[in-house]
Structures are given as C-alpha cells and as structure tokens.
Amino acid sequence: MKDSIDVIRLDFLDSINTSSAKEFIDKLKGCSMQRPDANCIWINISSPGGDIDVAIELYNFLKQLDCCVITNNISVVNSAAILLYLAGDERYCDYTSTFYVHSVTKKLRGIFDADRLIREAKELKINTNRVVKIISDNTLPSSTYWNRLMNKGEIIASKQAIKLGLSTHIFSRNNDQ
C-alpha cells in the first residue's frame, strides 16, 4: 500500500458553466495522465456561482473519483459553486473567505404562457430540493435549516462555516480561530 500522498493541484476561478466545467475536467484529466500515481486532488476555488445543473454534474463527477478530493475556498464560494466546494472530502477556507447561499434562480428568455411558467417554477423547486439535499447531506444542519437560509439569502463567514460543517478547516494567520 502506498504511504505517501501525491497531490494534483488545480484552480477553479470562474463562473460555473458548461465551458468552464469542461475546461476544468480536461485539466484534471491532463494532470492525471501526467501523474498517474497521484492519489489526491487539491482544488482552489473562487467562484461567483453559475449554472446549477452544471454544478451538480461537477459535484457528482468529483464524488465518483477514486481518490481524496480537497477543496479550498481562497476568496468567495457563492451560489452554485458551493456544490463544487462540497465535493471535497476535506474542505478548507481562508479566515477571510465567505460563502453565499440563496434560492435557486433562473434567467428566463422568450415568451411564456401559463403552462410554461408553471413548468419553469416546478424545475426551480426540483433544483432547490436537489441543492438543499446535497448541502444538508454534507453539513451539520438539517434541510429545513438550509431551506430557510437559502430563502432569505445569507453570507457565511469562515468561522460560521466551520460551525455549520460547511468547512472542515480554516487557514488562519494567527492562532485565534
């Protein structure tokens, strides 16, 4: 059995969308081919969020990897990016890092009749439930807590993130954590 840890380090410093996710996965695959013995991935994240469906796909992709995944909030992890962050087996943040949770939203384009608006509302509800499930499965509070927090919108500082189980470690510049 291998005793040493061989870490691949990657950055995700963008909005979550189809092209940024593809670029990230391509980088990961390239690093994995260059370093086939790597057994851990360290991902630095700073993201305003983005497409919730793509974020869920990235979360599922990272959770299925057969290696240790460590995520690190280096600045802000907002909205859909929280799902990417939660894919980490260990989750770090800087003491100045923040997280922003809010209700799932969607930009609507085109002309809508009542039936199409109802379908869009159902999709938003389904996506909200998916997000709440992922967050509550990876943190300490219940889904009721996260539903309430998302409905009002909340910025979470690093110390609160530790208390909630959102983060597992804080990088602090002093011993006062």
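Please read these numbers as outputs of a predicted model, since none were measured by experiment.

Student: Where do I start with the pairing of strand β5 (residues 98-101) in this structure?
Tutor: Every second residue of β5 is oriented toward a common face, the buried set being Phe99 and Val101 and the non-buried set Thr98 and Tyr100. Looking at chain direction, strand β3 (residues 68-78) and β5 are connected through three bridges and run parallel. Residue asparagine 78 lies in a different strand from β5, and its bridge partner there is tyrosine 100. Pairing of β5 with strand β6 (residues 154-157) involves four bridges; the strand directions are antiparallel.

Student: I'm lost on the pattern of salt bridges in this one. Help?
Tutor: Any two side chains of opposite charge can pair, so long as their charged atoms come close to each other. Using the criterion set out here, one finds eight salt bridges in the structure. Ionic pairing is found between aspartate 53 and arginine 130, a salt bridge with its closest N-O pair at 3.5 Å. Of the two residues, aspartate 53 sits in helix α2 (residues 52-63) while arginine 130 sits in helix α4 (residues 114-137), which places them 77 residues apart along the sequence.

Student: Is there a simple way to explain the packing of aromatic side chains in this structure?
Tutor: Any aromatic ring pair is given by two values, namely how distant the centres are and how the planes are angled relative to each other. Enumeration over the complete set of coordinates arrives at six aromatic pairs. The interplanar angle of 70° and the centroid separation of 5.6 Å between the aromatic rings of phenylalanine 12 and phenylalanine 24 together place this pair among those described as edge-to-face. Here phenylalanine 12, found in strand β1 (residues 7-12), pairs with phenylalanine 24, found in helix α1 (residues 18-34); they are twelve residues apart in sequence, far enough to count as distant. When sorted by exposure, phenylalanine 12 lands in the same class as phenylalanine 24, which is buried. Members of the aromatic cluster, each reached through a chain of ring pairs, are Trp42, Tyr92 and Phe171.

Student: What is the right way to read the nonpolar core from this model?
Tutor: One broad trend across soluble globular proteins is that nonpolar side chains are buried collectively. In this structure, Leu83, Phe99 and Ile156 are the most contacted members of the largest nonpolar core, which totals 44 residues. Top element by residues in this core is α2. It accounts for seven residues.

Student: Help me understand the side chain of glutamate 120 in this model?
Tutor: With respect to the helices and strands, glutamate 120 occurs in helix α4. Apart from the residues within four sequence positions on either side, glutamate 120 is in contact with Lys106, Leu108 and Phe112.

Student: What is the right way to read unusual backbone geometry from this model?
Tutor: Across residues other than glycine, the phi torsion is negative in most instances, and most of the peptide bonds are trans. Phi angles above zero are rare outside glycine, and serine 79 is one such case at about 55°. Mapped onto the secondary structure, serine 79 falls in the loop between β3 and α3 (81-86).

Student: Which parts of the structure should I look at to understand the state of the cysteines?
Tutor: As used in these notes, a disulfide is a covalent bond between sulfur atoms, one from each of two cysteines. Scanning all chains against the criterion turns up zero disulfides. Cysteine 31 carries a free sulfur, and the closest cysteine sulfur to it, the one in cysteine 67, is 12 Å from it. Free cysteine: cysteine 40, not disulfide-bonded; nearest cysteine sulfur from cysteine 68 at 3.4 Å. Residue cysteine 40 is classed as buried on the basis of its relative accessible area, which comes to 4%.

Student: Looking at this structure, how should I read the packing of α2 against α4?
Tutor: How two helices sit against one another is set out by the angle between their axes and by the gap between those axes. Orientation of α2 relative to α4, taken along the N-to-C sense of each, is 30°, at an axis distance of 11 Å. You can see that α2 and α4 cross each other, and the crossing is left-handed. Mapping the contact onto sequence places Ile52, Asp53, Ile56 and Tyr59 in α2 and Glu123, Asn127, Arg130, Val131 and Ile134 in α4. Taken together, the residues that form the contact of α2 with α4 break down as five nonpolar, one polar and three charged.

Student: Explanation requested: the pairing of β1 in the structure shown.
Tutor: As a general feature of sheets, a regular strand has side chains that alternate between the two faces. With burial as the criterion, only one face of β1 is covered, namely that bearing Ile8, Leu10 and Phe12; the residues Val7, Arg9 and Asp11 on the opposite face remain uncovered. Both β1 and strand β2 (residues 40-47) contribute to a ladder of six bridges, which runs parallel. The partner of phenylalanine 12 across the bridge, within β2, is isoleucine 45. Taken together, β1, α1 and β2 form a β-α-β motif whose crossover is right-handed.

Student: How should I be thinking about the environment of asparagine 17 in this particular structure?
Tutor: With respect to the helices, strands and loops of the structure, asparagine 17 is situated in the loop between β1 and α1. Assessed through its relative accessible area of 27%, asparagine 17 is described here as partly exposed. Considered as a pair, asparagine 17 and glycine 49 are 32 residues apart in the sequence and their alpha carbons are 8.8 Å apart. Those residues in contact with asparagine 17, other than ones at most four positions away along the chain, are Asp51 and Val54.

Cut-off values and rules
All residue numbers here refer to positions counted from 1 along the written sequence of the relevant chain. Two thresholds apply to this predicted model, a pLDDT of at least 70 for residue-level local features and 80 or more for giving and counting side-chain atom pairs, whereas whole-chain, interface and lining totals are computed over all residues. Hydrogens and waters are ignored; side-chain quantities use all the structure's heavy atoms. Exposure is judged per residue with a 1.4 Å probe applied to protein chains only, and the accessible area is read against the type maximum: over 50% gives exposed, under 20% gives buried, and values in between give partly exposed. The numbering of helices and of strands both runs from the N terminus, where a helix is a DSSP run of H or I of at least 4 residues and a strand a run of E of at least 2. We treat two strands as partners when DSSP finds at least two bridges between them. By convention in these notes, a salt bridge is any Lys or Arg side-chain nitrogen within 4 Å of a carboxyl oxygen on Asp or Glu. Put simply, two rings from Phe, Tyr or Trp (the six-membered ring, in Trp's case) pair if the centres are within 6.5 Å, and we call them stacked under 30 degrees between planes, edge-to-face over 60, tilted for the rest. In these notes, a set of buried Ala, Val, Leu, Ile, Met, Phe, Trp, Tyr and Cys residues joined through side-chain atoms within 4.5 Å is what counts as a nonpolar core. Residue contacts are counted whenever heavy atoms from the two residues lie within 4.5 Å of one another. For this text, the term disulfide refers to a pair of cysteine sulfurs within 2.5 Å. Fitted lines through C-alpha atoms give the axes, limited to the stretch in contact for helices. The angle between two N-to-C directions lies from 0 to 180 degrees. Here a crossing is called left-handed whenever its near helix is offset anticlockwise from the far helix by less than a right angle, and right-handed whenever the offset is clockwise. Under this grouping Gly is polar, as are all residues other than the nonpolar Ala, Val, Leu, Ile, Met, Phe, Trp, Tyr, Cys and Pro and the charged Asp, Glu, Lys and Arg. A crossover gets the label right-handed when its path from the first strand over the helix to the second runs clockwise, viewed with the strands pointing away from the viewer.

Remember, this is a structural readout, not a statement about activity or role.
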